[in-house]
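Remarks on the overall topology
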Amino acid sequence: MLNIAICDDNSADLSSLVKLVQKIDDMDIKIYMYLNPSECIKDIENGIHFDAFLLDILMDEYNGIDIAREIRNTHVDTPIFFITATYEFALEGYEVRAMRYYLKPVDETSLLQDLIYLLKQAEIKKNSFLIISNTQGLFKIKTSEIYYIESMLRTLQVHTKTETYTMIGKISDLEEKLKSNNLIRVHKSFIVNLAYIKNIFKDTITLDNGNEVLLSKHRSKEVHNQLLNYVRENS
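The structure reproduced in this document is the subject of the present report. Since this is a predicted model, take the numbers as computed values, not measurements. (Residues numbered from 1 in each chain as written. Predicted model: local features only at pLDDT ≥ 70, side-chain atom pairs only at ≥ 80, totals over all residues. Heavy atoms only, no water.)

This part takes up empty space enclosed by the protein. Over the atoms, a rolling probe the size of a water molecule traces out where space has been left empty. Per the stated rule, a full pass over the model turns up one cavity of 30 Å³ or more. When its volume is computed, the largest cavity comes out at roughly 60 Å³. The wall of the largest cavity is formed by D77, K125, T143, S144, N181, N182, N193, A195 and Y230. For the lining of the largest cavity, a count of residues per class yields two nonpolar, five polar and two charged. (1 Å grid on protein atoms, 1.4 Å probe; cavity = no way out; pocket = protein on both sides within 12 Å on 5 of 7 lines; lining within 4 Å. Points joined across faces, edges and corners; volume = space filled by probe spheres on them. Nonpolar A, V, L, I, M, F, W, Y, C, P; charged D, E, K, R; others polar.)

Below, the structure is given as structure tokens:
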């Protein structure tokens with residue numbers, strides 16, 4: 001199930017966007033409609049995870065940019081599409097890593113093509129898991145929630161958004177298994193999720209959660225290139 005949030009305080013525009021998204025009939029999609037975007041934030045706080053956001057920017061009581069900033073607190077790399085009557089806030093949109101801007105009236109073909117492409121990517125990631133077996137049992141972890149993996153001899157520590165899991169294994173085996181999920185080898189002892197890289201400076205990578213991992217000199221150019229490619233593909 002893919003969850004899509006559509007926020008627009010104009011009921012006619014909201015209805016039009018909902019009807020447009022309903023044309024996607026080859027994926028399991030649930031649409032959440034919000035005339036008041038604060039209700040969307042409440043649903044997020046109550047545990048609903050969204051796979052895409054369609055936000056109006058110019059609303060009577062709310063600014064879509066401010067709503068997007070709040071969304072980014074929990075949805076770091078979820079696509080945000082701005083539906084707007086002006087490009088006035090385009091520069092601010094870069095701050096919240098908006099995926100696309102669409103001027104009203106919306107080019108339906110363009111929006112559908114972009115949305116379907118990104119939802120299919122989300123569907124693949126959502127169905128991708130890493131199975132970890134250790135003395136505490138068997139765990140199924142979403143690869144999209146892995147921040148980084150650290151190797152200490154034959155012991156691997158898998159750091160996610162909420163937990164750290166320990167397992168026995170080789171980092172080279174996980175490197176091959178996870179490379180199609182934005183998880184790349186950056187050092188002999190570290191694999192990092194491109195989605196959570198905040199900064200690279202010299203031999204240190206800083207992640208969104210403040211953790212730092214080492215970047216080896218001979219992998220530096222490749223990591224920089226892969227990060228640039230990731231940003232281009234997701235912006």
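With that out of the way, let us pick up the nonpolar core. Side chains that are nonpolar tend, in soluble globular proteins, to be buried together. Ranked by size, the top nonpolar core spans 23 residues in total, and within it I4, I6, L54, F81, L111, L115 and L119 carry the most contacts. Where this core is concerned, the elements lending two or more residues are β1 (2-7), α1 (11-21), β3 (52-56), β4 (80-84) and α5 (108-126). Per-element tally for this core: the top contributor is α5, with six residues. Excluding residues that lie within four positions of it along the chain, L115 makes contacts with I4, V21, I24, A52, L54 and F81. I41, A68, I71 and Y101 belong to the second largest nonpolar core, which has 20 residues in total. (Core = buried A, V, L, I, M, F, W, Y, C linked by side-chain atoms within 4.5 Å. Buried < 20%, exposed > 50% of the residue type's maximum accessible area, 1.4 Å probe, protein only. Helix = DSSP H or I, 4+ residues; strand = E, 2+ residues; numbered from the N terminus. Contact = heavy atoms within 4.5 Å.)

Moving on: the packing of aromatic side chains. Per the counting criterion, the structure on display carries eight aromatic pairs. Measuring from ring centre to ring centre gives 5.2 Å for F139 and Y165, while their planes differ by 55°; the resulting arrangement is tilted. Linking F139 in strand β7 (residues 137-142) with Y165 in strand β10 (residues 164-168), this pair joins segments that are 26 residues apart in sequence. The buried category is assigned to Y165, whose relative accessible area is 17%. Through successive ring pairs, a cluster of aromatic residues spans Y32, Y34, F50 and F53. The ring of F129 carries the charged tip of K140 above its face, separated from the ring centre by 4.4 Å. (Phe/Tyr/Trp six-rings, centres within 6.5 Å; stacked < 30°, edge-to-face > 60°. Lys NZ or Arg CZ within 6 Å of the ring centre and 35° of its normal.)

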